[in-house]
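Working through the structure, step by step
Chain residues, written in single-letter form:
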Amino acid sequence: MTSRHVVRALSLAGTLGLWQLLTAYDVNLWLRFEQFPTVTDVARAFGDRIGSGTYWQDLTDSLTRIVTGFVLAAVAGVAVGTAIARSRLAADLLGPVLEVLRPIPAIALVPVAILLFPSNEQGIVFITFTAAFFPVMVSTRHAVRALTPVWEEAVLTMGGGRARVLGSVVLPGALPGILGGLSVGIGVSWICVISAEMISGEYGVGYRTWQDYTVVDYPGVFVGMATIGLLGWLTSTAVEVLGRRLTRWLPRPAGDAGARPRTRTPALRRAARPDSLRGGVAP
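This section reports on the structure supplied with the text.

Once that is clear, we can look at the packing of aromatic side chains. Scanning all chains against the criterion turns up nine aromatic pairs. For the pair phenylalanine 133 and phenylalanine 134, a centre-to-centre distance of 5.2 Å together with 75 degrees between the ring planes defines the contact as edge-to-face. The pair phenylalanine 133 / phenylalanine 134 is uniform in exposure class, with both members buried. Seen from their ring centres, tryptophan 210 and tyrosine 213 are 5.3 Å apart, and the 35 degrees between their planes marks the pair as tilted. With tryptophan 210 and tyrosine 213 both in helix 9 (residues 205-214) and three residues apart, the pair spans about one turn of that helix.

This is the structure we're talking about:
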């Protein structure tokens, strides 16, 4: 275990210890902790929930909704963002509509989802999709537009077509920006899926947390909050790990574990090989 892990563990332990002290002694200075459950109360309730089938059903439902909506948003966001950045026609047709819709919070679309979709399940997935779509689309659009034209011109000069440019230059070059949008999108998706479950869900972590609040089960509420935090952290970490694996060729900071600094994208390395110069870009 490195010193960074020790510091992080101590930070978490210190926060939990402060929470325990404030709630155990009913501290009321300006903030009121007398009605807060203690850490031990929450831990006891968490243990009881883990042993029940309802908890795991809620967990499965929320994960299914977030994964479905996020994957759809990732695919659509990258495709639409690339199209808008690369095509003037796509920018003229889709740009104005998306820019009008983008400021609308995804959770404000709950009434639209209820009217539009035949089931609450489909409506929650739609809200999750909308929440993640716009961060991914905007980050992809900016990343593609920021690419230097020299890379594209090099591939075209060696006989590559539009598909080759897209697959070997545009998407690899924009990948760091796309991954940034994915990281933001997964966090926003969790906010919106939990809110949607609280409003119109049937099962799910958000639905259960709200039900615990209505029956004044405060330890249960904190169990829901802890579960949401853990799920969000795990999914965000998964996106970041995937991003690091997909961008191994990027230069890394000296302290980044597993760093493999490289200065060329895979596309440029292939283009620099002598055989590609003699016979055109290899398929």
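Okay, a nonpolar patch on the surface next. Together, Met198, Ile199, Trp210 and Tyr213 line one region of the surface with nonpolar side chains, adding up to about 400 Å² of accessible area. Elements with a contribution of two residues or more to the nonpolar patch: helix 8 (162-200) and helix 9. The exposure class assigned to tyrosine 213 is partly exposed, which follows from its relative accessible area of 44%.

At a minimum axis separation of 8 Å, helix 3 (residues 53-86) and helix 8 run at an interaxial angle of 140 degrees. On the basis of the axis angle, helix 3 is oblique to helix 8. In the packing of helix 3 onto helix 8, the handedness of the crossing is right-handed. For the pair helix 3 and helix 8, the contacting residues are Ser62, Leu63, Arg65, Ile66, Phe70, Ala74, Val78, Thr82 and Arg86 in the first and Val165, Leu166, Val170, Leu171, Ile178, Leu182, Gly185, Ile186, Ser189, Trp190, Val193 and Glu197 in the second.

Within the element layout of this structure, threonine 128 appears in helix 6 (residues 120-145). Excluding its chain neighbours within four sequence positions, the residues that come into contact with threonine 128 are Arg65, Ile66, Gly69, Phe70, Ser189 and Val193.

It is worth spelling out the side chain of threonine 38 at this point. With respect to the element layout, threonine 38 can be found in the loop between helix 1 (3-24) and helix 2 (39-50). Engagement of the side chain of threonine 38 in a polar contact is seen with the side chain of threonine 40, the distance being 2.9 Å. Side-chain polar atoms of threonine 38 contact the side chain of aspartate 41, separated by 3.0 Å. Not counting residues within four places of it along the chain, the set of residues in contact with threonine 38 comprises Gln20, Thr23 and Ala24.

A few words on the pattern of salt bridges. Pairs can form between side chains of opposite charge whenever their charged atoms are close. As enumerated under the stated definition, the model contains eight salt bridges in all. In this structure, arginine 44 and aspartate 41 form a salt bridge, with 3.1 Å as the shortest nitrogen-oxygen distance. Highlighted residues: arginine 44 and aspartate 41, both in helix 2, separated by three residues, approximately one helical turn. Taking the relative accessible area as the measure of exposure, arginine 44 reaches 52% and is therefore exposed. By relative accessible area, which is 29% here, aspartate 41 ends up partly exposed.

What counts and how
- Residues numbered from 1 in each chain as written.
- Predicted model: local features only at pLDDT ≥ 70, side-chain atom pairs only at ≥ 80, totals over all residues.
- Heavy atoms only, no water.
- Phe/Tyr/Trp six-rings, centres within 6.5 Å; stacked < 30°, edge-to-face > 60°.
- Buried < 20%, exposed > 50% of the residue type's maximum accessible area, 1.4 Å probe, protein only.
- Helix = DSSP H or I, 4+ residues; strand = E, 2+ residues; numbered from the N terminus.
- Patch = residues over 30% accessible without salt bridge, like charges linked within 9 Å, V, L, I, M, F, W, Y side chains within 5 Å.
- Areas by Shrake-Rupley, 256 points an atom, 1.4 Å probe, with all protein chains shown as cover.
- Salt bridge = Lys/Arg side-chain N within 4 Å of Asp/Glu carboxyl O.
- Axes fitted to C-alpha atoms, helices over the stretch in contact; angles between N-to-C directions.
- Parallel < 35°, antiparallel > 145°, perpendicular 65-115°, else oblique.
- Left-handed = near helix turned anticlockwise from the far one by under 90°.
- Contact = heavy atoms within 4.5 Å.
- Polar contact = N/O pair within 3.5 Å; in protein donor to acceptor, adjacent residues only side chain to side chain.

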